[in-house]
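# Structural characterization, general
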Amino acid sequence: MSSFNLSTSLRRVGATAAALLAPVVAFAQEAAPAAAEAVAATPVPDKGDTTWMLLSTILVLLMTVPGLALFYGGLVRAKNMLSVLMQVLMITAVVMIIWVTYGYSLAFTDGGSLNSFVGGFSKMFLAGVDTTTLAESFSKGVFIPEYVFVVFQMTFACITPALIVGAFAERIKFSAVMLFVILWVTFVYFPVAHMVWFWGGPSAYTAPTGLIFSFGAIDFAGGTVVHINAGIAGLVGAILLGKRTGYKKEIMAPHSMTLTMVGASLLWVGWFGFNAGSNLEANAYAGLAMLNTFLATAAAIVSWAVVETLVRGKASMLGAASGAVAGLVAVTPAAGFAGPMGAIVLGLVVSPVCYFFVDVVKNKFNYDDSLDVFGIHGIGGILGAIGTGILVNPALGGAGIVDYSTADFAAGYAGTATQVWAQLKGVLVTVVWSGIGSLILFKVVDAVVGLRVSVEAEREGLDLSSHGEAAYHTS
């Protein structure tokens, strides 16, 4: 009897447990597919795209150190070689730290009421950025790790202020350079980068954007953000600092065209990361940007050599290197938009225009842009930005502009007048922002530490007077 009661009790307990667990089992059965769907819906970055972006980041660093450093270093006199190398290296190091502290946040987050001009502080110290966060490319649903996007854009922030120092090389205080760069990236570069490049991405294309992006202006890899921005700042600095001691009275020829050639070559190689990497994924648009970076540069080298031959009777290595940089600058905003033949046209046109500003305009207005930052980066960037609005036209072989509101993301063209006007507005805003901002910041730096070294220090050379060492020693 007792065994019968025990068996009955066990059956009752089992039935009760089954009744209680039934909802749990049912929930688990329903939750399992839901969890699987959630995992499947989580975007997984393509390893090929990620690898390409990591490589592109290293290539852009190569542009700066040692590329730009050697290019500029060869163009100055031997007594100032190390000063240029030091300026470029230190700018790169300091901006890297600033970028992860607050620069990335100011450039690539929503700025609320100020969003048209600058981002906010939501990602200050890279808050919220980790190994699981992603950044969308220009294809809907295609992502790269956000850390990769952060470090790629960091290299752009590093090279832009480094470009500026060529305009007033051989006469500025090292302390003035560093203070100016810290202020300039904060109040000029980060806002301009935000105005040109901040948007919600293909999956949120209707979200608020930066001011210049809202115009419909296109800039594939930094014609406005990098080159016009740096060129205008360089011109302002060159005028405010005044001419080098002995300018047009003493020989100020480049001390090593060999190093300048090496630097220019490294710039060209690194520029493939700059332009093709700006596509943010490895696909046909990256291939187009790479091809255009070859062709526009080649055309500009040839074009500059032809102009020099016609004007001076001889083609120089300095001219060929200048043409290479001019072509690279001009194709930067157009890299993924123009067709290959359009890139050649852009390269052929940019060299005569830049040559005119370097050889004629600079002498006419008598300003000392030491290494022609404005004449090549500023003017080449302006021509490239405007030219992009023309050459993106599919009727001219361009890639068109993707319309993310269409079901198939079709590439179209609003018309030459419409697109060129958008480009012009973008150029104008960049020129005004950089020009006025740089003027104010140079004045602040001058009041705090002074801009220019003494005449004695300048004659001795900045290598010894500012850094206590020499690039070369004679036995």
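Predicted, not measured: the structure shown is a model, and the values here were computed from it. (Residues numbered from 1 in each chain as written. Predicted model: local features only at pLDDT ≥ 70, side-chain atom pairs only at ≥ 80, totals over all residues. Heavy atoms only, no water.)

Next up on the list: the overall build of the chain. Within the chain one finds 15 helices and four strands. If you line up the chain on its principal axes, its C-alpha atoms span 125 × 55 × 45 Å. Counting all 475 residues of the chain, 53% fall into the buried class. (Helix = DSSP H or I, 4+ residues; strand = E, 2+ residues; numbered from the N terminus. Buried < 20%, exposed > 50% of the residue type's maximum accessible area, 1.4 Å probe, protein only.)

A few words now on the layout of surface pockets. Volume-wise, the largest pocket comes out at about 1,200 Å³. Lining the largest pocket we find 50 residues, and of these F138, W197, W199, F213 and Y404 sit closest to its centre. Elements with a minimum of two residues in the lining of the largest pocket: α3 (81-108), β1 (134-136), α4 (146-164), α5 (174-197), α6 (211-214) and β3 (401-402). Looking at the lining of the largest pocket element by element, the count peaks at four residues for α4. By residue class, the composition of the lining of the largest pocket is 27 nonpolar, 16 polar and seven charged. (1 Å grid on protein atoms, 1.4 Å probe; cavity = no way out; pocket = protein on both sides within 12 Å on 5 of 7 lines; lining within 4 Å. Points joined across faces, edges and corners; volume = space filled by probe spheres on them. Nonpolar A, V, L, I, M, F, W, Y, C, P; charged D, E, K, R; others polar.)

Our focus in this paragraph is the packing of aromatic side chains. Counted by the stated rule, this structure contains 26 aromatic pairs. Ring plane angle 65° and centroid distance 5.6 Å describe the contact between W271 and F274, whose orientation is recorded as edge-to-face. One end of the pair is W271 and the other is F274, both in helix α8 (residues 257-275) and three residues apart, which spans about a single turn. Each of the two residues, W271 as well as F274, counts as buried. Centre to centre, the rings of F356 and F357 are 5.9 Å apart; their planes meet at 90°, and the pair counts as edge-to-face. The exposure class assigned to F357 is partly exposed, which follows from its relative accessible area of 23%. (Phe/Tyr/Trp six-rings, centres within 6.5 Å; stacked < 30°, edge-to-face > 60°.)

This part is about the nonpolar core. Considering soluble globular proteins, one finds that nonpolar side chains tend to be buried as a cluster. Y72, W99, W184, Y189, F190 and F274 are the most contacted members of the largest nonpolar core, which totals 118 residues. Look past the residues within four positions of W184 in its chain and what remains in contact with it is T160, P161, I164, Y189, N229, A230, A233, S434, S438 and L441. (Core = buried A, V, L, I, M, F, W, Y, C linked by side-chain atoms within 4.5 Å. Contact = heavy atoms within 4.5 Å.)

The UniProt feature table records "domain: Ammonium transporter AmtB-like" (unreviewed entry) at residues 52-472. Within the segment residues 52-472, helix and strand shares are 64% and 2% respectively, and the terminal C-alpha atoms sit 39 Å apart. (UniProt positions renumbered as here; feature names shortened; annotations may be inferred.)

What follows concerns empty space enclosed by the protein. Rolled over the atoms, a probe as big as a water molecule pinpoints where empty space is left. Evaluation of the coordinates by the stated rule reveals one cavity of 30 Å³ or more. What the largest cavity holds in volume is close to 40 Å³. Looking at the largest cavity, the residues that line it are V196, I212, A217, I218, D219, T224, A385, Q423, G426 and V427. Examining the composition of the lining of the largest cavity, we find that three residues originate from one element, helix α13 (residues 416-448), more than from any other. Taken together, the residues that form the lining of the largest cavity break down as six nonpolar, three polar and one charged.

With that settled, consider the side chain of Q87. Structurally, Q87 can be placed in helix α3. On the basis of relative accessibility, which here comes to 3%, the residue Q87 falls in the buried class. Not counting residues up to four positions away in its chain, the partners in contact with Q87 are V165, I172, F174 and V177.

On to a nonpolar patch on the surface, then. There is a patch of nonpolar side chains on the surface, built from L428, V432, I436, I440, V444 and V448 and spanning about 530 Å² of accessible area. Following the sequence through the fold, V448 ends up in helix α13. A relative accessible area of 56% means that V448 is categorised as exposed. (Patch = residues over 30% accessible without salt bridge, like charges linked within 9 Å, V, L, I, M, F, W, Y side chains within 5 Å. Areas by Shrake-Rupley, 256 points an atom, 1.4 Å probe, with all protein chains shown as cover. Salt bridge = Lys/Arg side-chain N within 4 Å of Asp/Glu carboxyl O.)

Put simply, helix α12 (residues 373-391) and α13 touch, their axes get as near as 7 Å, and they point 155° apart. In terms of orientation, α12 lies roughly antiparallel with respect to α13. Relative to α13, α12 is oriented so that their crossing is right-handed. Residues I382, A385, I386, T388, G389 and I390 of α12 touch α13, and the partners they reach there are T416, Q419, V420, Q423, L424 and V427. (Axes fitted to C-alpha atoms, helices over the stretch in contact; angles between N-to-C directions. Parallel < 35°, antiparallel > 145°, perpendicular 65-115°, else oblique. Left-handed = near helix turned anticlockwise from the far one by under 90°.)

Moving on, we get to α5. At V185, α5 shows its strongest bend, of approximately 45°. Extensive coverage of α5 is indicated by the burial of 19 of its 24 residues. (Bend = angle between axes of the 7 residues up to and from the residue.)

Time to look at the environment of T260. Here T260 lies in helix α8. Sequence separation of T260 and A69 is 191 residues, and the distance between their C-alpha atoms is 9.2 Å. A distance of 3.4 Å separates a polar atom in the side chain of T260 from the backbone oxygen of F71. (Polar contact = N/O pair within 3.5 Å; in protein donor to acceptor, adjacent residues only side chain to side chain.)

Our next topic: the confidence of the model for the chain. Here the chain averages 93 in pLDDT, and 91% of its residues register 70 or above. Between residues 24-28, whose pLDDT stays under 50, and residues either more than four places distant or in other chains, the model counts zero contacts. (pLDDT = per-residue confidence, 0-100.)

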